[in-house]
Amino acid sequence: MSYQCPLCQCELHLISNQYRCENNHQFDNAKEGYVNLMPAHHKRSKNPGDNKEMMQARRAFLEAGHYQPMQQQVADLCQHYVTDSSANLLDIGCGEGYYTSKIAEQLSGKSATVFGLDISKVAIKYAAKRYLNCQFSVASSHRLPFSDQSLDGIVRIYAPCKAEELHRTIKGCGYLFTVTPASHHLYELREGVYGDVRLHDETAEELIGFELIEEKKLTYDMHLNGQEALHLLDMTPFAWKATTEFKAELKNRASFNCKADFMIRVYKK
C-alpha cells in the first residue's frame, strides 16, 4: 500500500526517491526518509504543530520511561487485534515516533506496515531519523493521505481527527485504538499551573460507525526529578499557561510526584 495524493486523491508511487501520482503531482522523499504530504495551502501557519523545543522535551521525557506502561499496553492491544499478516496500521499525531516504533516492533513477526503521521515537520524529521521500522509523513490528521478502507487499524493517542476520516480510511471490521486522559491525569502538574483543577471527563467518545469493544484505565504514580517534571510540562498544552516562576521552581525540585492516568479504548468498525 502507498500514500494517496493530498491534492487529487490518486495513488502515489515512489519513483527515483520521489512520490508521484498520475496527475504528476510530486513530493520528494526527504534524506531522513519521510515524505511531506502537507501542501502549503493546507497549513494554518508556516510551521504548524510542535516546535523543536517541545520535541526535545518530549523525547527526553519519554526516553526516561515514564509513559512506557501506556506504550506497552497500546502495542499489546494492536498485536492482539491486528492479526492480518500484511496489515497496514497508522499512528495519527505520532510526534517523534515513540509509540509508532514500539507498535511496529510488536508487529514485527508479521509483514505489517506501520505508518506514522504528524503535522509537525520537526517531529517527523526526528522520528524518521531514529526509527527505521516505520514509514513517516508530514500530513494533516483531518485529511489523511490514505485511500478509502485501506487501513486495518488507526492509533490515536490524544491526537485530533475527523471521525469521517477515521471511518473512510479504516477497513470494514478494522480497529481504532485511542488514548485519552483519565480523571486525574497529571493532576499535580495542572494544580501547579492553574491552582483550581477540573478533573478530566472519562466519558467514552461516541463515533458513528464504530463500536466500543474494550476499555481499560491505566493509573500509576510517576516519581520525577525537577528536570523530568519540566520536560513533562513543556510537552503539554498547558505549558503556555505556566509562569516563569513555576517553571523555575519545578526545575529546581529534587523530586516531583505526579499521577499518570489514561483511558485506553478499542473500537471496531
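Since this is a predicted model, take the numbers as computed values, not measurements. (Residues numbered from 1 in each chain as written. Predicted model: local features only at pLDDT ≥ 70, side-chain atom pairs only at ≥ 80, totals over all residues. Heavy atoms only, no water.)

Visitor: How do you make sense of the UniProt feature "binding site: S-adenosyl-L-methionine" (unreviewed entry) in the protein chain when you look at a structure like this?
Guide: Summarizing the sequence annotation, UniProt attributes the feature "binding site: S-adenosyl-L-methionine" (unreviewed entry) to Tyr67, Glu96, Gly97 and His185 in the numbering used throughout. Note on placement: His185 falls in the loop between strand 9 (170-181) and helix 6 (187-194). His185 sits in the buried class, given a relative accessible area of 4%. The contacts of His185, once residues within four sequence positions are left out, are Tyr67, Tyr158, Arg190, His200, Lys259, Ala260, Asp261 and Phe262. (UniProt positions renumbered as here; feature names shortened; annotations may be inferred. Helix = DSSP H or I, 4+ residues; strand = E, 2+ residues; numbered from the N terminus. Buried < 20%, exposed > 50% of the residue type's maximum accessible area, 1.4 Å probe, protein only. Contact = heavy atoms within 4.5 Å.)

Visitor: Help me out: how do you make sense of the packing of aromatic side chains in this one?
Guide: Two descriptors summarise a pair of aromatic rings, namely the distance from one centre to the other and the angle between the planes of the rings. Applying the stated criterion across every chain, the model contains 12 aromatic pairs. Ring geometry for Tyr81 versus Tyr175: centroids 5.0 Å apart, planes at 45°, classification tilted. Taken together, the positions of Tyr81 in helix 2 (residues 68-81) and Tyr175 in strand 9 put the pair 94 residues apart, joining distant regions of the chain. For the pair Tyr81 and Tyr175, one class covers both residues: buried. Chaining the aromatic ring pairs together yields one cluster made of Tyr3, Tyr19, Phe115 and Phe146. (Phe/Tyr/Trp six-rings, centres within 6.5 Å; stacked < 30°, edge-to-face > 60°.)

Visitor: Please clarify how the packing of helix 1 (residues 52-63) against helix 4 (residues 121-130) should be interpreted in this entry.
Guide: Each pair of packed helices gets described by two things: the angle between the helix axes and the distance between those axes. Contact pair helix 1 / helix 4: the axes reach a minimum separation of 9 Å and the direction vectors enclose 45°. Considered as vectors, helix 1 and helix 4 are oriented oblique to each other. Listed contacts from helix 4 to Lys52, Met55, Gln56, Arg59 and Glu63 of helix 1 are Val122, Ala123, Tyr126, Ala127 and Arg130. Counted by class, the contact of helix 1 with helix 4 contains 5 nonpolar, 1 polar and 4 charged residues. (Axes fitted to C-alpha atoms, helices over the stretch in contact; angles between N-to-C directions. Parallel < 35°, antiparallel > 145°, perpendicular 65-115°, else oblique. Nonpolar A, V, L, I, M, F, W, Y, C, P; charged D, E, K, R; others polar.)

Visitor: What's the story with the packing of helix 2 against helix 3 (residues 98-106) in this structure? I'm lost.
Guide: Here helix 2 crosses helix 3 at 40°, and the two axes come no closer than 9 Å. Between helix 2 and helix 3, the angle falls in the class oblique. Helix 3 is crossed by helix 2, and the crossing has right-handed handedness. Together, Gln68, Met70, Gln71, Gln72, Val74, Ala75, Asp76, Cys78 and Gln79 of helix 2 and Tyr98, Tyr99, Lys102, Ile103 and Gln106 of helix 3 make up the contact between the two elements. Class assignment of the residues belonging to the contact of helix 2 with helix 3 gives a composition of 7 nonpolar, 5 polar and 2 charged. (Left-handed = near helix turned anticlockwise from the far one by under 90°.)

Visitor: Please explain the nonpolar core as it appears in this structure.
Guide: Counting residues in each nonpolar core, the largest one holds 57 residues, and the members touching the most others are Tyr67, Met70, Phe177, Leu189, Met222, Leu232 and Leu233. Once residues within four sequence positions are removed from consideration, Tyr67 is found in contact with Phe61, Leu62, Tyr98, Tyr99, His185, Leu186, Tyr220, Met222, Leu232, Met235 and Phe262. Formed by 26 residues, the second largest nonpolar core is a distinct cluster that contains Phe27, Ile92, Leu151 and Leu176. (Core = buried A, V, L, I, M, F, W, Y, C linked by side-chain atoms within 4.5 Å.)

Visitor: Honestly, the pattern of salt bridges in this entry has me stumped. Any pointers?
Guide: Opposite charge on two side chains makes pairing possible when the charged atoms of those side chains draw close. Under the definition given, this model contains 12 salt bridges. Between Glu215 and Arg265 there is a salt bridge, and its shortest N-O distance comes to 2.6 Å. Of the two residues, Glu215 is situated in strand 10 (residues 211-224) and Arg265 in strand 11 (residues 256-268); the sequence distance between them amounts to 50 residues. Linked through salt bridges whose partners overlap, the residues forming this network are Asp148, Glu165 and Arg168. (Salt bridge = Lys/Arg side-chain N within 4 Å of Asp/Glu carboxyl O.)

Visitor: Mind showing me how you'd approach the environment of Glu214 here?
Guide: Looking at the element boundaries, Glu214 is found in strand 10. The class for Glu214 is partly exposed, based on a relative accessible area of 21%. Sequence spacing of Glu214 and Ala60 is 154 residues, and the spatial spacing of their C-alpha atoms is 31 Å. A polar side-chain atom of Glu214 sits 2.4 Å from a polar atom in the side chain of Tyr81. (Polar contact = N/O pair within 3.5 Å; in protein donor to acceptor, adjacent residues only side chain to side chain.)

Visitor: Where do I start with the UniProt feature "domain: Methyltransferase" (unreviewed entry) in the protein chain in this structure?
Guide: Those places that UniProt annotates as "domain: Methyltransferase" (unreviewed entry) correspond, in this numbering, to residues 84-163. The distance separating the terminal C-alpha atoms of residues 84-163 is 24 Å; by composition the span is 25% helix and 28% strand.

Visitor: I would appreciate a short explanation of the sheet that holds strand 9 in the present structure.
Guide: Note: strands within a sheet are paired through backbone hydrogen bonds, in either parallel or antiparallel orientation. Spatially, 4-7-6-5-8-9-11-10 is the arrangement adopted by the 8 strands of the open sheet, whose pairing is mixed. On the outer flanks of this sheet lie strand 4 (34-36) and strand 10, each paired with one strand and no other. Sheet twist, expressed as the average angle between the axes of neighbouring strands with direction ignored, equals 20°. Across 3 bridges, strand 4 lies against strand 7 (residues 135-138) in parallel orientation. Residue Val35 lies in a different strand from strand 7, and its bridge partner there is Ser137. Together, strand 5 (88-92), strand 6 (113-118), strand 7 and strand 8 (151-157) form the strand contacts of helix 3, whose direction differs from that of strand 6 by roughly 175°. Where helix 4 meets the sheet, it contacts strand 4, strand 6 and strand 7, and its direction lies at approximately 165° from that of strand 7. (Pairing = 2+ DSSP bridges.)

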